[in-house]
There are 2 protein chains.
Amino acid sequence: MAGGSAGAGRSVTSRALAVLGAFDASSPRLTLTEIAERSGTPLTTAHRLLAELTAWGALSRRADGRYEIGRRLWDLGLLAPVQLELRQLAAPFLLDVHTATRDTVHLAVREGAHALYVERISGRESVPVVSQVGSRLPLHATGVGKVLLAAAPDEVVAQVLAAPERATRHTVVDPALLSRELAEIRRRGWARTAEEMSLGTASVAVPVRVERAGGPVVAAALGIVVPSHRRDLARLAPVLEVAARGIGRALARTEPFR
Amino acid sequence: MAGGSAGAGRSVTSRALAVLGAFDASSPRLTLTEIAERSGTPLTTAHRLLAELTAWGALSRRADGRYEIGRRLWDLGLLAPVQLELRQLAAPFLLDVHTATRDTVHLAVREGAHALYVERISGRESVPVVSQVGSRLPLHATGVGKVLLAAAPDEVVAQVLAAPERATRHTVVDPALLSRELAEIRRRGWARTAEEMSLGTASVAVPVRVERAGGPVVAAALGIVVPSHRRDLARLAPVLEVAARGIGRALARTEPFR
């Protein structure tokens, strides 16, 4: 990259980060060769970086020789504000909703054009859902996503409406229809979906509003997923609203998270 | 550190890791100066490394100028086996116990001479507890810790019994008494504590046994925390045992985690 020590330093740090970046939810365990390939690192360099990252505890090596994320990175991840200032604080409220309904409850924040799921409570009798903590799903196809999209800046709405992906045959991808739906969500205060992200499930979601100096902001969305044959979706909105207000008040007492 | 490029590389990676290692649960937000001091890095080097780590998303910079763990490290942490192969799998069983009891339920694994808490479900009506996900507490003073200690290798037991710290005036620190208690836990199959970690709470815990090629191993401990005035502690053991067996069977179907 460069001859100077600053240049070499930048290059080494970025290579170490590229090695970490080789891991993702679809590939949480990787061989040396896979890591070298995915990170664009020469094999010998990758081998040396892996030794350092493993010694520190950022990665660990399994009995089968593959590498995986180590406990020390898990520890550090627990310090991220999305965990420390949102997930921990909101978890008891999600539990309240789950206790009252037995359905899968989750909390998401907007990250660009996606809903990032930061907490989920799901019993063994709850309907199976695709989202897990850390998942990103399209804003236009999920309940929490629609709520976050309805509160998003115009340019985000324009970006999503320009090319909404189809997840199932029921996903609403017509920009005019979506636009009307967002207006309805803003007016009514909650969103619903029916088999738009996965067949067999429906969802209801409400915004988590937090009072800030400049007025209320939608900081997150709280949603519930139920079997699509359930006829009582509208009954779930007030349950979610009570919990969302509790989360909003708790958040208002903290610094803004990101 | 060294003149050669390999030496410089090692040094740079270890410095970047030292910057990350400056953050911990008691100091999740740090200024540039604090990071430089805590990591033993010259200010200008720390500044440059922070810029790189922030650009990649490992850290992020708050409005007040302090740094904190970024969402990308949170993402990576979610891929750690303790999360992916234990926490996610066990969570529905913890929820079952919480639903049946309304008390705080948690799951811990042994990490050296400490119990590492990997999952916790706690309602707003549950008794306040000191442990959070990611907490480490002494093995001899907690319910889950005693269960893990009872199953630990002799050298770990000897290490803990050599210098058991006192957390409250009720903590059992007499080695002979502790040793007898561990034998009783092995015989009876569950542990109990009364105000040994924090005043006002009692706990019950059971081992999570997994069938492995070499025979059953205690992979984790499942515990419940209740107000210390409760008289029905013994009643809670079978509830935990049912859930622990469910977790054990689910774990047996996966690769061993670490």
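Fair warning: this is a prediction, and the values are worked out from it, not measured in the lab.

## Considering the overall build of chain A
A count of helices and strands for chain A gives nine helices and nine strands. Principal axes of the C-alpha set define a box for chain A whose edges measure 60 × 40 × 40 Å. Restricting the contact set of chain A to residue pairs at least 6 apart, pairs at least 24 apart contribute 56%. Total accessible area on chain A is roughly 11100 Å²; 53% of this is exposed by carbon and sulfur atoms. Charge-centre separation for chain A: the mean point of 33 positive side chains lies 1 Å from the mean point of 25 negative side chains.

## Things to note about the pairing of strand β7 (residues 191-194) of chain B
Residues and elements named next belong to chain B. Side-chain alternation along β7 places Ala191 and Thr193 on a buried face and Arg192 and Ala194 on a face that remains uncovered. Relative to strand β8 (residues 201-212), β7 is paired through four bridges, and the arrangement is antiparallel. Each bridged residue has a counterpart across the sheet, and for Thr193 the counterpart in β8 is Ser203. Connecting β7 to the antiparallel partner β8 that follows it, the hairpin turn spans six residues, and Glu195 within it adopts a positive phi of roughly 60°.

## Overview of the packing of aromatic side chains
Counted under the stated rule, the structure contains zero aromatic pairs over all chains. The aromatic ring of Trp56 of chain A is capped on one face by Arg72 of chain A, whose charged end is 4.0 Å from the ring centroid.

## Focus: the sheet that holds strand β1 (residues 29-30) of chain A
Residue and element names in this part refer to chain A. Strand order in the open sheet made by the three strands is β1-β3-β2, with antiparallel pairing throughout. In this open sheet, the two edge strands, each paired with only one partner strand, are β1 and β2 (59-61). Relative to strand β3 (residues 67-69), β2 runs antiparallel, the two sharing three bridges. Its bridge partner being in β3, Leu59 is matched across the sheet by Ile69.

## Some details on the domain arrangement of chain A
What the domain assignment reports for chain A is domain 1 (5-76) and domain 2 (81-252). When each unit is reduced to the centre of its C-alpha atoms, the spacing between domain 1 of chain A and domain 2 of chain A is 34 Å.

## Thoughts on the relation of the copies chain A and chain B
Superposition of the two copies of the chain requires a rotation about an axis together with a shift along that axis. If you rotate chain A by 180° and push it 0.0 Å along the axis, it lands on chain B with an RMSD of 0.0 Å. In the structure described here, the two chain copies are related by an operation that fits a two-fold rotation axis. In terms of C-alpha distance to the rotation axis, chain A has Gly77 of chain A as its closest residue, with the C-alpha 2.5 Å off the axis.

## Comments concerning the layout of surface pockets
There is about 880 Å³ of room inside the largest pocket. As for the largest pocket, its lining consists of 38 residues, of which Glu119, Arg120 and Ile121 of chain A together with Glu119 and Arg120 of chain B are closest to the centre. Secondary-structure elements contributing two or more residues to the lining of the largest pocket are α5 (81-101) and β5 (114-121) of chain A together with α5 (81-101) and β5 (114-121) of chain B. Of the residues assigned to the lining of the largest pocket, the class counts are 17 nonpolar, 13 polar and eight charged.

## Focus on the environment of Leu95 of chain B
Relative to the elements of secondary structure, Leu95 of chain B occurs in helix α5. Sequence separation between Leu95 of chain B and His106 of chain B is eleven residues; the distance between their C-alpha atoms is 9.8 Å.

## Comments concerning the interface of chain A and chain B
Between chain A and chain B, the residue contacts involve 69 residues of the former and 69 residues of the latter. Together, the buried faces of chain A and chain B total about 5600 Å²; carbon and sulfur atoms form 58% of this surface. Taken together, chain A and chain B are joined by eight salt bridges. Two residues, Arg29 of chain B and Glu85 of chain A, come together in a salt bridge whose shortest N-O distance is 2.8 Å. Remark: the boundary between chain A and chain B carries twelve residue pairs in polar contact (both at pLDDT 80 or more). Residue assignment for the side of chain A that touches chain B shows that the elements contributing at least two residues are α1 (5-21), α3 (43-56), β2, β3, α4 (71-77), α5, β4 (104-111) and β5 of chain A. For the side of chain A that touches chain B, the leading source of residues is α5 of chain A, giving 13 residues.

## Focus: the UniProt feature "domain: IclR-ED" (unreviewed entry) in chain A
On the UniProt side, "domain: IclR-ED" (unreviewed entry) is annotated at positions that read residues 72-253 of chain A here. Across residues 72-253 of chain A one finds 43% helix and 26% strand; the C-alpha atoms that close the span lie 30 Å apart.

## Some remarks on unusual backbone geometry
Leaving glycine out, the prevailing phi sign among residues is negative, and the prevailing peptide bond configuration is trans. All names here are of chain B. Positive phi is not limited to glycine here, since Arg102 has a value of about 70°. Relative to the helices and strands, Arg102 resides in the loop between α5 and β4 (104-111). According to the relative accessible area criterion, Arg102 is partly exposed, its value standing at 32%.

Criteria and cut-off values
Residues numbered from 1 in each chain as written. Chains lettered and ligands numbered in written order. Predicted model: local features only at pLDDT ≥ 70, side-chain atom pairs only at ≥ 80, totals over all residues. Heavy atoms only, no water. Helix = DSSP H or I, 4+ residues; strand = E, 2+ residues; numbered from the N terminus. Contact = heavy atoms within 4.5 Å. Areas by Shrake-Rupley, 256 points an atom, 1.4 Å probe, with all protein chains shown as cover. Lys, Arg positive; Asp, Glu negative; His and termini not counted. Charge placed at Lys NZ, Arg CZ, Asp CG, Glu CD. Buried < 20%, exposed > 50% of the residue type's maximum accessible area, 1.4 Å probe, protein only. Pairing = 2+ DSSP bridges. Phe/Tyr/Trp six-rings, centres within 6.5 Å; stacked < 30°, edge-to-face > 60°. Lys NZ or Arg CZ within 6 Å of the ring centre and 35° of its normal. Domains from an automatic or database assignment. Least-squares fit on C-alpha atoms with pLDDT ≥ 70 in both. 1 Å grid on protein atoms, 1.4 Å probe; cavity = no way out; pocket = protein on both sides within 12 Å on 5 of 7 lines; lining within 4 Å. Points joined across faces, edges and corners; volume = space filled by probe spheres on them. Nonpolar A, V, L, I, M, F, W, Y, C, P; charged D, E, K, R; others polar. Buried area = accessible area lost by both parts, 1.4 Å probe. Salt bridge = Lys/Arg side-chain N within 4 Å of Asp/Glu carboxyl O. Polar contact = N/O pair within 3.5 Å; in protein donor to acceptor, adjacent residues only side chain to side chain. UniProt positions renumbered as here; feature names shortened; annotations may be inferred.

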